[in-house]
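Structural characterization, general
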Amino acid sequence: MASIKTERLLLRPASINDVADLHDIFSNPDAMAFWSTPPHVSLAETEAWVATTMSIDPREGEDFVVECCGQVIGKVGLYQFPEIGFILNPNSWGRGYAREALTALIDRAFLVHRLPSIDADVDPRNEASLGLLQRLGFQVVGHALRTWNVEGVWCDSVYLRLMRPDSKVS
Ligand SMILES: CC(C)(COP(=O)(O)OP(=O)(O)OC[C@H]1O[C@@H](n2cnc3c(N)ncnc32)[C@H](O)[C@@H]1OP(=O)(O)O)[C@@H](O)C(=O)NCCC(=O)NCCS
């Protein structure tokens with residue numbers, strides 16, 4: 001799997017050495033407020049997440065950790081084509097890092113993988129993610145109620161899609 005360099009970031013495959021940095025993120029209640037699973041409680045949960053990410057079949061998806069100045073600050077990816085997923089450490093929010101990382105990810109998805117479109121499934125309360133995706137050109141294509149049950153609480157979904165500029169698939 002390739003790595004991607006942007007102006008400030010390195011997007012690269014995860015390794016087992018990233019568990020501690022990723023655990024800081026996946027155990028953070030603010031970062032996980034609208035995630036499809038509860039915050040990680042143990043390092044073992046994050047180790048399992050890293051193992052799953054590392055075992056993604058490259059024909060089916062790809063996930064990158066996001067490194068800034070040698071520190072892992074998050075992850076972005078298409079863990080299962082064409083579904084996008086992303087999370088950054090709250091101490092890195094608001095500096096344009098997510099937009100920079102996702103712009104590179106989307107370019108690769110369209111130019112290298114030739115995906116006709118990219119999909120996102122976002123909790124309607126997740127204003128930061130909705131703002132980010134719409135800023136990147138994603139459009140809302142649907143809504144659904146009670147799609148995810150996280151620790152006994154039902155959450156809803158807003159579905160968004162970004163079409164490849166030269167794609168005719170709807
Ligand atoms: C969503 C997330 C990745 C944004 O990260 P970020 O690095 O702060 O985002 P950026 O600084 O690159 O912001 C890019 C755009 O996102 C939007 N945005 C970011 N934070 C926002 C907020 N709190 N409210 C509304 N829009 C917001 C803005 O449109 C912004 O564009 P602008 O800078 O031109 O105003 C981060 O909040 C996060 O990790 N959230 C938790 C994980 C999550 O919910 N993932 C999605 C699951 S579907």
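You'll find the structure just up there.
Here we summarise the structure given alongside this text.

Reading the values: rules and limits
Residues numbered from 1 in each chain as written. Predicted model: local features only at pLDDT ≥ 70, side-chain atom pairs only at ≥ 80, totals over all residues. Heavy atoms only, no water. Buried < 20%, exposed > 50% of the residue type's maximum accessible area, 1.4 Å probe, protein only. Helix = DSSP H or I, 4+ residues; strand = E, 2+ residues; numbered from the N terminus. Arc of directions from axis to C-beta. Contact = heavy atoms within 4.5 Å. Pairing = 2+ DSSP bridges. Near = heavy atom within 4 Å. Polar contact = N/O pair within 3.5 Å; in protein donor to acceptor, adjacent residues only side chain to side chain. Areas by Shrake-Rupley, 256 points an atom, 1.4 Å probe, with all protein chains shown as cover. Nonpolar A, V, L, I, M, F, W, Y, C, P; charged D, E, K, R; others polar.

Describing helix α1 (residues 19–26)
Taken as a whole, α1 has its buried residues at Val 19, Leu 22, His 23, Ile 25 and Phe 26. On an axial view of α1, the arc spanned by its buried residues comes to 160 degrees, and they lie on one face. Contacts made by the buried residues of α1 are with α2 (43–54), β3 (62–68), β4 (71–80) and β5 (83–88).

Quick notes on the pairing of β3
Within β3, seven of the seven residues are buried, which leaves it mostly tucked inside the rest of the structure. Because side chains alternate across β3, one face comprises the buried residues Glu 62, Phe 64, Val 66 and Cys 68, and the other comprises Asp 63, Val 65 and Glu 67, equally buried. Note: strand β2 (residues 10–12) against β3, three bridges, orientation antiparallel. Looking across to β3, one finds that Leu 11 is bridged to Val 66. Bridge count between β3 and β4: seven bridges; the pairing is antiparallel. Counted as the bridge partner of Asp 63 is Gly 77 from β4. Where β3 folds back on β4, the antiparallel hairpin that results is connected by two residues, among which Cys 69 adopts a positive phi of roughly 55 degrees.

What about the site of the ligand?
Near the ligand there are 20 residues, and of these Phe 86, Gly 94, Gly 96, Asn 126 and Arg 135 occur at the shortest range. Within the contact set of the ligand, an oxygen atom lies 2.7 Å away from a backbone nitrogen or oxygen of Gly 94. The separation between an oxygen atom of the ligand and a polar side-chain atom of Arg 135 is 2.6 Å. In the complex, the protein chains occlude 75% of the 940 Å² of accessible area that the ligand would expose alone. Of all the secondary structure elements, the ones that give two or more residues to the shell around the ligand are β5, α3 (97–111) and α4 (127–135). Take the shell around the ligand: its biggest share by element is six residues, from α4. Residue classes in the shell around the ligand are distributed as 10 nonpolar, five polar and five charged.

Here we look at the environment of Trp 35
Along the polypeptide, Trp 35 turns up in the loop between α1 and α2. Between the C-alpha atoms of Trp 35 and Asn 126, which are 91 residues apart in sequence, the distance is 9.5 Å. In this view, Trp 35 contacts Phe 26, Lys 75, Phe 86, Ile 87 and Val 150; residues no more than four positions away in its chain are not counted.

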